[in-house]
Structure formats: structure tokens, C-alpha cells
Amino acid sequence: MLNTQWIRELTSLPEQQVIELASRLSQGWEITPKSLPQSGLGMLKLKDGAFHDAFYLGEFPISSAHISITTSQGQCAEGAASLISDKLPLVEALAVCDAILRYQLDGMDELMQAIAQGRAEKEKEERIRQSMLIRTRVDFSLLSSTDEDDE
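Note that the coordinates shown come from a computational prediction; the quantities given were computed from them, not determined experimentally.

In this sheet, strand β2 (residues 54–70) lies alongside strand β1 (residues 30–47) in antiparallel orientation, the contact comprising 15 bridges. Looking across to β2, one finds that Met 43 is bridged to Glu 59. Here β1 hands over to β2 after six residues, with His 52 in that stretch at a positive phi of 60°.

Here the structure, examined in full by the defined rule, presents seven salt bridges. A salt bridge links Lys 122 to Glu 125, with the nearest nitrogen and oxygen atoms 3.9 Å apart. Of this pair, Lys 122 and Glu 125 both sit in helix α4 (residues 108–135), separated by three residues, roughly a single helical turn. Given a relative accessible area of 23%, Lys 122 falls into the partly exposed group. Note that Arg 129 and Glu 126 form a salt bridge whose closest N and O atoms lie 3.6 Å from each other. Of this pair, Arg 129 and Glu 126 are both found in helix α4, three residues apart, which corresponds to roughly one turn of the helix. Taking the relative accessible area as the measure of exposure, Arg 129 reaches 44% and is therefore partly exposed.

About the thresholds
- Just so you know, the residues in each chain are numbered from 1, in the order the chain's sequence is written.
- For this predicted model, a pLDDT threshold of at least 70 governs which residues receive local features, and a threshold of 80 or more governs which side-chain atom pairs are given and counted, while totals over whole chains, interfaces and linings are taken from all residues.
- Water and hydrogen atoms were dropped before computing side-chain values, which therefore reflect all heavy atoms in the structure.
- Two strands form a pair only when DSSP identifies at least two bridges running between them.
- Helix numbers and strand numbers start at the N terminus; a helix is a DSSP run of H or I with at least 4 residues, a strand a run of E with at least 2.
- Criterion for a salt bridge: a side-chain nitrogen of Lys or Arg within 4 Å of a carboxyl oxygen of Asp or Glu.
- Relative accessible area decides the class of each residue, using a 1.4 Å probe on protein chains only: under 20% of the type maximum gives buried, over 50% gives exposed, and in between gives partly exposed.

Here it is, written out as C-alpha cells:
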């Protein structure tokens, strides 16, 4: 069963690995852009809580790709991806992966294995992050008892 976090899990793998996987799975397919792949900057716009004036908090890189695929067996599919990143080849590879998953094209099993590998990487990162949080936790209740003892 495919979850909605597959892009997040797949991008936890090295970028080159994802690009090579998409290239290998789509070998012999005709891939044409539905719209030109783009990479640029987005602006984060917020409204002031008091006066409701708009202001821009900052910029972030964003890339997107929308493709059409015709497989060597003549099956047609579409895929798209957007990523907060300036890595256009990675986004194009993710659009290919989207088409494979959405239309269950050849190579889906290998792609699912890569997603599972990425999920394992994410879980490993989360365990490391949680252990770091636990080690830095402070028990402030001990401070209040110390203050009372000093008086």
C-alpha cells in the first residue's frame, strides 16, 4: 500500500540514486514535458495580525515538472512533482516516479523497494533526532526545589 509520503521518503535517499533509478526504469520510454520544467524562487507571504497588512517573510527555492510518458508497450501516463529545492533533475525524476506509481507501470516494484529504503532512512533519522531531544531535556522542577532550599 502506497502512502502519501512517498516523495518525502524517496528524497531521503541520495539525489543521484533517485535520478539513476528513474532513468533506468524509464529507459526506452518517450518522455515529453506537458509544461516546461521550472526552477526558481517562491515568496512566503503573510498577513500582519494587527493591521492585516501583507508582508513577505522570505524566499525559498522551488522546482516543478509535469511530464507525459508513452511506454515502449504504448501505454500513456502523466506524472508531476514539485519540490522545495532548486534541483531540477531530481524533480524531473520524481515526476517519472509519480507516473510509474500512479499508473502502475513497469518498474513499480523496484520503485516501491526504493521508497521502503527511504522510509527506513527517515525512521533512522527520527530515532536519532528523538534520542538527541531526550538527552537535552531539562527538568525545571528541580530548579524550583533548589531555590527554596537556598533560602
